[in-house]
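Here is what each chain is made of, one letter per residue.
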Amino acid sequence: QVQLVESGGGLVQAGGSLRLSCAASGRTFSNSAMGWFRQAPGKEREFVAVIISNGGETYYADSVKGRFTISRDNAKNTVYLQMNSLKPEDTAVYYCAARTYYGGSYYYSYDYNFWGQGTQVTVSS
């Protein structure tokens, strides 16, 4: 089992920055792909970024590429999402997700088997 707890959300003005953290429990963290998704009101949950286990490869949604950075600290069982140059359209609940098995893609909700409770990010214009 993996338990995920997000923190770091809040209210920020457009152009500002936030750093989200996701603390994970469980011994499989270092072998898990860790992703961030977000869901705005009335919209589907969408992929934001993923960092692959061990190799540390990262992939981003086009909408956040160049503004957001995902990273992980396996010693602290924590994954981060640094969000810069925030826009009002980034407003959403942000979810951390873990995939503890190999195979498949990284871009869909069903690719992940553990989820956090979410943290609200609101960007004012």
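Computed from a prediction, not measured in an experiment: that's the story for all the values here. Numbering of residues starts from 1 in every chain and runs along the sequence as written. Totals for whole chains, interfaces and linings use every residue, but because this is a predicted model, local features are given only for residues with pLDDT of at least 70 and side-chain atom pairs only at 80 or more, for both listing and counting. Processing note: side-chain calculations cover all non-hydrogen atoms of the structure and skip hydrogens and water entirely.

Student: Can you tell me about the packing of aromatic side chains, naming the residues and giving the values?
Tutor: Any pair of Phe, Tyr and Trp rings, taking the six-membered ring for Trp, is counted once the centres come within 6.5 Å. Such a pair is stacked with planes under 30 degrees apart, edge-to-face with planes over 60 apart, and tilted for the rest. Tallied over the entire structure, the rule returns eight aromatic pairs. Between Arg-45 and the ring centre of Tyr-95, over which it is positioned, the NZ or CZ distance is 3.7 Å. Remark: a charge is flagged as sitting over a ring if the NZ atom of Lys or the CZ atom of Arg is within 6 Å of the ring centre and within 35 degrees of the ring normal. Lying over the aromatic face of Trp-115, Arg-45 brings its terminal NZ or CZ to 4.8 Å of the ring centre.

Student: Can you lay out the sheet that holds strand E1 (residues 3-7) for me, pointing to particular residues and giving the numbers?
Tutor: Two strands are counted as paired when DSSP detects at least two bridges linking them. Secondary structure counts use DSSP, requiring at least four H or I residues in a row for a helix and at least two E residues in a row for a strand, with both numbered from the N terminus. Sheet architecture is open: four strands sit in the order E1-E3-E8-E7, paired in antiparallel fashion. Bordering the open sheet on either side are E1 and strand E7 (68-73), each of which pairs with just one other strand. Averaged over all adjacent pairs, the angle separating strand axes in this sheet is 15 degrees, with direction ignored. Two strands pair when backbone bridges link them, and E1 and strand E3 (residues 18-25) are joined in this way by five bridges, in the antiparallel orientation. Bridging from a neighbouring strand, Glu-6 pairs with Cys-22 of E3. Note on method: axes are straight lines fitted to C-alpha atoms, helices fitted across the in-contact stretch only, with angles between N-to-C directions ranging 0 to 180 degrees.

Student: Please provide a residue-by-residue account of the pattern of salt bridges, values included.
Tutor: Salt bridge, as used here, is a side-chain nitrogen of Lys or Arg placed within 4 Å of a carboxyl oxygen of Asp or Glu. If you walk through the whole model with that rule in mind, you get four salt bridges. For Arg-38, the salt bridge identified is with Glu-46, shortest N-O distance 2.6 Å. Between Arg-67 and Asp-90 there is a salt bridge, and its shortest N-O distance comes to 2.7 Å. Linking Arg-67 in the loop between strand E6 (58-60) and E7 with Asp-90 in the loop between strand E8 (78-83) and strand E9 (92-99), this pair joins segments that are 23 residues apart in sequence.

Bear in mind that shape data such as this cannot, by itself, settle questions of function.
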